[in-house]
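Spelled out, the chains give:
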Amino acid sequence: MNYLTNEKLLIVGAGGMIGSNMAQTAIMMKLTPNICLYDPYLPGLTGVAEELLHCGFEGLNLTYTDNIAEALKDAKYIVSSGGAARKAGMTREDLLKGNALIAEEFGKNVKKYAPDCKHIVVIFNPADITGLITLLYSGLPATGVSTLAALDSTRLRNELAKYFKIPADEIINSRTYGGHGEQMAVYASTTTVNGKPLAELIETGVIPEKDWAEIQAKVTQGGKAIIDLRGRSSFQSPAYLSIEMIAAAMGGPAFKWPAGVYVNDNHFQHIMMAMETTIDKNGVHYTDVKGTPAEDAALQKSYEHLCHLRDEVIEMGVLPPISEWGKINPNLA
Ligand SMILES: NC(=O)c1ccc[n+]([C@@H]2O[C@H](COP(=O)([O-])OP(=O)(O)OC[C@H]3O[C@@H](n4cnc5c(N)ncnc54)[C@H](O)[C@@H]3O)[C@@H](O)[C@H]2O)c1
């Protein structure tokens, strides 16, 4: 069997919908034979593990446990969707408090039981905030934690493909940046549609402003649309994209979409949000985003919204004041 690595991959929240789909995807993509599943809900976890074992995969060393110390032992790569999911009528931010506490515990457990972990992909929402909390408490370098934000960019590609009635492959470099909540910044200037710049198509009225605004709204409401259709939060697409992210960190093919990353520079401080990123064996890295003045203003607004959420979590006492972060994780000093 040709695996990318033999190092241990841990899937946290594996008893849930995203977790179980991540497990199956990781096995089918042959990332590593050594996959461990963790979930505090043992019946669900056992059911997922049994189903995967019933697939009859060859060469697989699948383990599962509801003991977090055992799960994290020797884990070099971790993906976590372990937390509550959004129900109808809820925003990602409504999940804030409960999942923030889960992220704190998760980060502390990583520090205790898997300090040599090489990369974590955080999926549970609001991912920008749970990722930030995980990064702080895990003690990992900023390059060691990324969050799933790509779904917004893939949804933009899908909306444009439907609008123009062309294959999605002809939409290149569709991008959203900033928060993964409804205050994300949906860019036009990065994208080409069948070779033509999307910004030009909007400027020249090929796409009327009103239609572009509708496309943007469909992207920001993309998660809600799936809840309305299926009666539950999306799981196939987040599972697939998260495993593509961790595969890139494990030395696999480059990840093509923006990821959430810790940002601290002249423009944006002490925040986790989607930027133009690369993920490879050295972790996640970002470059500055440069759009039109209106796009960059939208990104600034999205950043401010995230700062507000982060400050709420500081007020809750889950995160300490920023001035103390360096004491908990010297990599963030
Ligand atoms: N970032 C994204 O793009 C994106 C997209 C969709 C969903 N999500 C989020 O992913 C998360 C998981 O969604 P789902 O559909 O798989 O939900 P789910 O309810 O099917 O599964 C969540 C699993 O997490 C487990 N869990 C609960 N507390 C835990 C803890 N403390 N530690 C570890 N595991 C714990 C539960 O037992 C459950 O099995 C939700 O927060 C959802 O909002 C993110």
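All values derive from a computational prediction rather than experimental measurement.

## Points about the overall build of the protein
(1) Moving on: Within the protein, the secondary structure is distributed over twelve helices and 14 strands.
(2) Moving on: Along the first, second and third principal axes, the C-alpha set of the protein runs to 60 × 50 × 35 Å.
(3) Moving on: For the protein, the residues scored as buried account for 52% of the 333 residues in total.
(4) Moving on: Accessible area for the protein stands at about 14,400 Å²; split by element, carbon and sulfur atoms hold 52% of it.
(5) Moving on: Side-chain charges of the protein comprise 29 positive and 37 negative groups, with the mean position of each set lying 3 Å from the other.

## Let's talk about the packing of helix α4 (residues 96-113) against helix α5 (residues 127-138)
Relative placement of two packed helices is described by the angle separating their axes and the distance separating the axes.
(1) Moving on: Here α4 crosses α5 at 30°, and the two axes come no closer than 7 Å. By the angle between their directions, the pair α4 and α5 is classed as roughly parallel. Of the two elements, α4 crosses α5, and the hand of that crossing is right-handed. From α4, L96, N99, A100, A103, E104, F106, G107, K108, V110 and K111 reach across to α5, where they touch I129, T130, I133, T134, Y137 and S138.
(2) Moving on: Taken together, the residues of the contact of α4 with α5 break down into eight nonpolar, five polar and three charged.

## Brief notes about the nonpolar core
(1) Moving on: One finds L37 and I78 to be the most contacted residues of the largest nonpolar core, which totals 87 residues.
(2) Moving on: It is helix α10 (residues 236-249) that contributes the most residues to this core, eight residues altogether.
(3) Moving on: Setting aside residues up to four positions removed in sequence, I78 forms contacts with L9, L10, V12, L72, F106, V110, C117, H119, I120, V121 and I246.
(4) Moving on: Judged by nonpolar contacts, the second largest core, of 16 residues, contains L156, V186, V193 and I207.

## Some remarks on the packing of aromatic side chains
(1) Moving on: All told, the structure shown has three aromatic pairs when counted by the stated rule.
(2) Moving on: Between Y163 and F164, the ring centres sit 5.1 Å apart and the planes meet at 80°, which makes this aromatic pair edge-to-face.
(3) Moving on: Overall, the relative accessible area of 28% leaves Y163 in the partly exposed class.
(4) Moving on: Each ring, one from Y177 and one from Y187, has its centre 5.0 Å from the other, and the planes form 85°; the classification is edge-to-face. Of the two residues, Y177 is situated in strand β8 (residues 175-177) and Y187 in strand β9 (residues 185-187); the sequence distance between them amounts to ten residues.
(5) Moving on: Take Y177: its relative accessible area is 3%, and that puts it in the buried class.
(6) Moving on: The lysine or arginine in question, K108, covers the ring of Y137, its NZ or CZ lying 5.0 Å from the ring centre.

## Things to note about the pattern of salt bridges
(1) Moving on: Within the structure shown, the criterion is met by eleven salt bridges.
(2) Moving on: Between E7 and K118 there is a salt bridge whose closest N-O contact spans 2.7 Å. Separated by 111 residues along the polypeptide, E7 in the segment before β1 (8-12) and K118 in the loop between α4 and β5 (119-122) bring together distant segments of the chain.
(3) Moving on: Classification of K118 as partly exposed rests on a relative accessible area of 41%.
(4) Moving on: The residue K108 makes a salt bridge to E104 at a minimum N-O spacing of 2.7 Å.

## Examining the pairing of β1
Looking along a regular strand, one sees the side chains alternate between the two faces of the sheet.
(1) Moving on: Taking burial as the measure, the five residues of β1 include five buried ones, the bulk of the element.
(2) Moving on: Of the strand pairs in this sheet, β1 and strand β4 (residues 75-80) are connected by five bridges, and their pairing is parallel. Its bridge partner being in β4, K8 is matched across the sheet by A75.
(3) Moving on: The pairing of β1 with strand β2 (residues 34-38) spans four bridges and is parallel. Bridge pairing links L10 to C36 in β2.
(4) Moving on: In terms of handedness, the path from β1 via helix α1 (residues 17-28) over to β2 forms a crossover that is right-handed.

Reading the values: the criteria
Residues numbered from 1 in each chain as written. Predicted model: local features only at pLDDT ≥ 70, side-chain atom pairs only at ≥ 80, totals over all residues. Heavy atoms only, no water. Helix = DSSP H or I, 4+ residues; strand = E, 2+ residues; numbered from the N terminus. Buried < 20%, exposed > 50% of the residue type's maximum accessible area, 1.4 Å probe, protein only. Areas by Shrake-Rupley, 256 points an atom, 1.4 Å probe, with all protein chains shown as cover. Lys, Arg positive; Asp, Glu negative; His and termini not counted. Charge placed at Lys NZ, Arg CZ, Asp CG, Glu CD. Axes fitted to C-alpha atoms, helices over the stretch in contact; angles between N-to-C directions. Parallel < 35°, antiparallel > 145°, perpendicular 65-115°, else oblique. Left-handed = near helix turned anticlockwise from the far one by under 90°. Contact = heavy atoms within 4.5 Å. Nonpolar A, V, L, I, M, F, W, Y, C, P; charged D, E, K, R; others polar. Core = buried A, V, L, I, M, F, W, Y, C linked by side-chain atoms within 4.5 Å. Phe/Tyr/Trp six-rings, centres within 6.5 Å; stacked < 30°, edge-to-face > 60°. Lys NZ or Arg CZ within 6 Å of the ring centre and 35° of its normal. Salt bridge = Lys/Arg side-chain N within 4 Å of Asp/Glu carboxyl O. Pairing = 2+ DSSP bridges. Right-handed = clockwise from strand over helix to strand, strands pointing away.

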